[in-house]
Structure formats: structure tokens, C-alpha cells
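# Reading the structure
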Amino acid sequence: MTNAPWRDPALPAAARVDDLLSRMTLEEKTAQLYGVWVGAAADGAGVAPHQHDMTVSHDFDELITRGLGQLTRSFGTAPVDPALGALSLARAQRSIADASRFGIPAIAHEECLAGFTAWGATAYPVPLAWGAAFDPALAEEMGRRIGQDLASVGVHQGLAPVLDVVRDLRWGRVEETIGEDPYLVGTVGAAYVRGLESAGIIATLKHFAGYASSAGARNLAPVRAGVREFADITLVPFEIALREGGARSVMAAYNDNDGVPASADPRLLTDLLREEWGFTGTVVSDYFGVGFLQTLHRVADSPAGAAHAALAAGVDVELPTLRCYGDALTEAVRAGTVDEALVDRAARRVLVQKCEAGLLDAEPGTDVPSVVDLDPPANRALARRLAESSVVLLDNPGGALPLPADTRVAVVGPRAHDRLAMLGCYSFPSHVGVHHPDQPLGIDIPTVWESLRADLPDAKLAFAEGCDTTDEDTSGFAEAVARATEADVCVAVLGDRAGLFGRGTSGEGCDAADLRLPGVQADLLDALTATGTPVVLVLLTGRPYALGRWQGRLAATVQAFFPGEEGGPALAGVLSGRVNPGGRLPVSVPRDPGGQPWTYLQPPLGLAGEVSNLDPTPLYPFGHGRSYTTFAWEADPAASAETSTDGSYDVEVTVRNTGDRAGAEVVQLYLHDPVARVTRPDVRLIGYQRLELAAGEAKRVRFGFHADLAAFTDRTGRRVVEPGALELRLAASSADVRHTARLTLTGPERTVGPDRVLLCPAEVHSVPEADRPSGTGDSVTGRQEPVTESGTGD
């Protein structure tokens, strides 16, 4: 076979794969459709749902004689030195190539949600923090660095990003999402994809689709979202990430949608994804998702039945390990119950991807690095930048922050001096390391307490834990209250402990009954505020918690969403004033712990009204955040304009830093549709721009609005642009509008498809001193807001 066409790198990938498939046996073709997870635990401490009862042992040496599609988590299953891991992976690939007729290595995949999930790798902020930064450029740079680290040790595919849109804040995986708005999720997610793909790593969009809309906020629960919610909220980030990011893989979700499991839904995985959107990559199952069609969904009566349902729907690869796509599938094909064409279809997609990745021409086992550093200084510097950009100053009513340099500070709380307080559930120390308590963390993670001591060397600091994150023990309250009473200010560091399947308060399978702070932390905060000492609340969490109980009782409130290994110094910088906070909320902060689900994307009946005594209005709205400087927004007086239903309109605003220090402001553009044939969200984000402004500096932002951005799904299921009145609202948050442009769309109604305009590009121009407005136009001054010069995902 040395001269066979499939070996000729000069031929197109499709031609090579057609020749290769014609030479393969049925067993060899199906072998390309599954992964193998070597070393996966079968006890109750797994990192995937039902790992203990779904894991099947295999004779690896015998199995690879047929070839192998994927190798699962060589680095993310147990602590392993990265250089040794690279050597072990290379040897495994050599074994796979040597054992099979065609010598084709497997695709090696790893988790990379908040960094490469491997021992010793950089732990970046979680995706919810990416959303808080409102900075796609930072997300893209992070994705590129993660991709380079993955590629350096022989990994080909990364299982990220998560593009689920938050629908219920109680859901455990809120920390893994980018936020509650599909435009923010899509643009930041697409940027991460571009970074990962630029390093040659196959980015995998998950979870397709509907996973975050689960009933009761329970992991893997059924989804009962309506057609319009699914089309206009759930699917939008995936469209953006495929078109604007270039992702080459999609992961089918665990959930069912109105009774149809996503992994067995050809309308979703074939009709929509491939035929309408034109996707040509691979669809992989979520871990054990194919087997779950039999064991959890009960839409199949056997592994072969589950394999048939998933293959027919469009799932090309069974992950994490072989259960349904092996002998059970080949026997069903030979029995005539499964069409071999389905196997060929999936194998062709897998092999084309392998060909494009160079695996048909690879010599595995060569070029293995002898030294691997997965947490170099450049990674840590980027992790610090993203952490600092993502911290949100929710409130600072009395100016308690920044802290004076020589003050007495009581640092109190269970998250103040715990390294894992910085990390989400998919960072290696929280995800895998907790099962290996004798193993070092592998990376340096300064705590808030340690970082504050470094940032405030002249201050007198005292520490008391007060309580545990989840325990009901209040015996530590007395010491905490004593330290607070002796201090000029108390910094209370509270929040979540990330974990999996109930082993934490945030993370996969760690769903919350309500939005009260975990354990007795709320009671500790009450005790601290009762001392009369000003209390600065610092939250290190994976979701927002209800804070209305302390409204008017706190000196300041700071929110960080698991900010990663550099989160301690980032928070200390905000508290000390070394860093001017510029994060904005990617999710609303509720006033009361009940009343879920609720996000800001509400039609009129979802807002507060006189017909109900329950007011769902959040304490802090989507997009909110304050700064240590002030900003003035200046725009032309509101006027009415017209454009066609296929036209464009530019809206612009000048933002000036009117304070005495540099700061960041995030200009947000919202759409309000006063009248439509179906109910619409009162406002929804369609553009944004983060601005970094020196003291006294001004910049002008121009958004290029296209009428396609006003499209919605009508009663017939078509996505349409209607003629009529619109409002384009320039705002500092979803509830803080600074300028409104009234626009009328004229002409015929239009039906738009997947080629519609998805993004609202932003142009930023410096404003010379002489050109800055003085007393003309609308001017609104605010003391909150951040933004960097990365636009809206374009």
C-alpha cells in the first residue's frame, strides 16, 4: 500500500479518504468512530456523569489492531508530569500506528475550558469571567496560548468552549458559561475558538444544544424551551462561533428537547447543523452520551440501538470510551439493522479531519519535547490581565475602596486564604487534583490574604476564617467578629467551592436549590456588618448570589467569578487601588434568592408589574459595573432616522474619562423593538466595545447596525426582519441607558437565513483635544463602566 492514493499528500483530503475507506474492513471503519479512555476510574469519584457504571474495560493492545479514532484525556485523568505525559502519549500513538494495517494515529483530546486541564498547566479565569471582561481580544489570546500548550505535548482537539446561554442561575454549570446574553456568549466564544484553532487545535463547541435550559436548573434535566427561545437565544452563539470562529467540531448535548434527545435528533445534528449551516466537521458525543440513549433516555433497547440512533442523527464519534460503536455496531450492520452507509459517512468525516491534521502522514513518537513548561511567565501574565479585567466593582457607595495604605484591615471568610477558591470545576486542581491530596498543586496560586499583604505592606492586617464554605459550624464567628471590631475596615471574602456532582457548591452537577450564599456565610456576613466596622464584601463564586439582604449595609461589594491562578493578586490590586476595576456583569445579580429562572432577556410580562407581588428586578443588572474614575458620554441630540429592512445605520457616542486616573468603560448597544408580531425581550445586547481611557482622554465609538440584527423567529418558524420603529440604546448596562437613537425600518418584510449579518462591528477613534465636545449634544456622566479596545467579536 506504499503507493496507494490515500498515502499521496498531493491529493485532496476527500480523494485520499475515499481511497482509504475502500480498503478498510467494517471493523477498521468503526474503530475510527470511538475513543478509548485509559486509566479512567470506575469508582464513585469520577469526572463524568455515571462514570462509575458506564466505564467498560478493554484490552487496549487487542483493540488497537483495528485502529483507533480518539485517545481520551492522557493528561487530564491523573496527575502526570507534562514531559512524561508527552512521552507516554507519543508511545501510545506509536503503538496504535504499529498495531494497525494503516498506521494511522488517534486524535488525542483534552478538556481546556479554563486552561489545559493538566497538572502544572496555567489555570485561567473561568468563562464567566471572560464574559465579565467584555474583551474578545483577551479571550482570543488566551485560546491561542492554550492551543499552543495542547499542541506542544501532542494533543489535537480541545473540548471547549461552552456556548450555553445561562437561563437559570441555580444551574451548577453557570461558571462554565460566558453569560446570560447570546451575543456576548457568541462573540467571546468565537474569539476563543479563533485562538484555539490558530494553534492547530480542533475547537469543540458545547453543548449542542439546549443544555443550560434544563428544567429546575438540574444537570441533565429535560429541556422544554419553545421554538423561538431555542432559535433566537440557544442557537445563536453556535452560529456565531461556527461562522466567525471556524470551529471544526461540535459536541452533542446530554439533554432532550421536548422529548427528543439531542444525541438522537437528526433535525438538529444533520438538517440544521450540516444542511442549513453548512458545517463539515465532526460531531462528537458528550461523555457516555451515546450509551445514555439506552440507560437514561430509554429511547433505545440495546447498545446497538443506541449506536444506530446516534449515528443516524449525526453523531460521528463516541466519547469518552467504547461502549456502543464497536462490536455491537458491526454486528448490527452485518445483521442488516444498521446501514453501513452510516458508518461510512461518519468514518469519512473523521478521516478527513485526521488527514487535514496531518495524521495520515504522521510518524508518531518523533519530536517529543524533553522539557515542558505549561505555566510559563507569559501565560501567567495573560491570566493576570484577564483576571484584572474581569473583576466587577458592584458598589462603592461610601468610597471605602480603594483601601488606605496604612489602615487596619480584618480579612475574614472561608475564601480568603484558600488556593482553590480561585478555580472553577474544570481547572485541574479542582477537577482531578482533589482526588490526589498528596500531590502538589503543580502551579502557584496566591490567596487573597497573601496578595493583600503584598499589596498593602504598611497596613496592619489580621485574618480569621470565620466558617467553612458549606459547614453549618458557627464556632469561628466569635474570632471573626473580634478581628472586625478591632479593624478600620473588614474585607469579607465569601463564595463557592468548585466541584463535581455534589462535591462542591458550584460546578457540573452542583446545582443550587436557591441563590442564598452557601452554608452559614450569610450569617457570618450579618455578624460582621453588625459590628459597625465598614464591611467590604468580596465574592469568589461560580454564579451570582442574591445580595438584597445586605443592600445599604455594605461599604463596598466586589464580584469575581473564579478568576484563576492570578485571581488573588488581581483582587488585591482592585482592593488596594493598584487596579481600577473594569469588569461588567455577564449575568444579573438577583435581589432575592428565589424567583428563578430569570435573566434580563424578558418580554414585558417577564418584568415587574402590578399583577404580581413578586418583583424579579435584579439588584445589579446585566452589564453593570463601577470604576474608580468617572466617564462622560456625549452624543448628538436624539433624532429619528430611516433605513430599509436590508439597510444599515451608524450610531456613535464619545466617551471621556473625566476623572484623575486611567480606567475602562464598556459601551453597550441594546435593541428595543416597541411592537412585533411575537413578544420580544424588552432590550437585548447587539453590540459592545470596551474602552481603555487615560485620565482626560476621549474616544469615539461608532457601531455599524444592520437591519438583520433586528431579526427574530415569527409564528411560522421563519426568521424575519419587520418594517417599523426600533430604538438603538447606547448604555452602561441593560438598565442604564445614556443615549437613544430612534430608527424606522422601511420597505418589505424580509426572511433571513444563516447568511444573515450576525455582528455589529465597532470602530474606535481617538478624539483630539480640540475636537472634544463642550456643552453641545447630550452629555451623561456616570461613575461606573469599563471597556477595552476589542470589539464585538469581529
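As a reminder, the structure under discussion sits directly above these lines.
Now for a description of the structure that goes with this document. This structure is a prediction, so every number in the text was calculated from the model and none was measured.

## Here we look at the layout of surface pockets
- Approximately 700 Å³ is the volume found for the largest pocket.
- Lining of the largest pocket is provided by 26 residues; of these, V227, F230, A231, L235 and L272 occupy positions nearest its centre.
- For the lining of the largest pocket, the secondary structure elements donating two or more residues are α9 (227-234) and α11 (266-276).
- Of the residues assigned to the lining of the largest pocket, the class counts are twelve nonpolar, five polar and nine charged.
- Estimates place the volume of the second largest pocket at around 570 Å³.

## Overview of the sheet that holds strand β5 (residues 202-208)
- If you walk across this open sheet you meet the seven strands as β1-β2-β3-β4-β5-β6-β9, and the pairing is parallel. The strands lining the two open edges of the sheet, one partner per strand, are β1 (35-36) and β9 (282-285).
- Sheet contacts for helix α8 (residues 182-198): β4 (157-159) and β5; angle to β5, the most-contacted strand, approximately 145 degrees.

## Considerations on the packing of helix α13 (residues 303-313) against helix α14 (residues 327-335)
- Where α13 meets α14, the closest approach of the two axes is 8 Å, and the angle between their N-to-C directions is 80 degrees. Of the possible angle classes, the one that applies to α13 and α14 is roughly perpendicular. From α13, P303, A304, A307 and L311 reach across to α14, where they touch A328, L329 and A332.
- Looking at the contact of α13 with α14 residue by residue, the classes come out as seven nonpolar, no polar and no charged.

## Quick word on empty space enclosed by the protein
- Tallied over the entire structure, the rule returns seven cavities of 30 Å³ or more.
- The calculated volume of the largest cavity comes to roughly 100 Å³.
- As for the largest cavity, its lining consists of 15 residues, of which E111, D286, Y287, Y426 and E508 are closest to the centre.
- Residues that form the lining of the largest cavity fall into these classes: seven nonpolar, two polar and six charged.

## Comments concerning the sheet that holds strand β25 (residues 736-746)
- With mixed pairing, the five strands of this open sheet are ordered in space as β17-β25-β24-β19-β20. In the strand order of this sheet, the two ends are held by β17 (640-644) and β20 (684-693), each with one partner. For this sheet, the mean inter-axis angle between neighbouring strands, taken without regard to orientation, is 25 degrees.
- Where strand β24 (residues 724-733) and β25 come together, nine bridges link them in antiparallel fashion. By the bridge assignment for β25, A725 is matched with T744.

About the cut-offs
- Residues numbered from 1 in each chain as written.
- Predicted model: local features only at pLDDT ≥ 70, side-chain atom pairs only at ≥ 80, totals over all residues.
- Heavy atoms only, no water.
- 1 Å grid on protein atoms, 1.4 Å probe; cavity = no way out; pocket = protein on both sides within 12 Å on 5 of 7 lines; lining within 4 Å.
- Points joined across faces, edges and corners; volume = space filled by probe spheres on them.
- Helix = DSSP H or I, 4+ residues; strand = E, 2+ residues; numbered from the N terminus.
- Nonpolar A, V, L, I, M, F, W, Y, C, P; charged D, E, K, R; others polar.
- Pairing = 2+ DSSP bridges.
- Contact = heavy atoms within 4.5 Å.
- Axes fitted to C-alpha atoms, helices over the stretch in contact; angles between N-to-C directions.
- Parallel < 35°, antiparallel > 145°, perpendicular 65-115°, else oblique.

So yeah, pure geometry; function would need other evidence.
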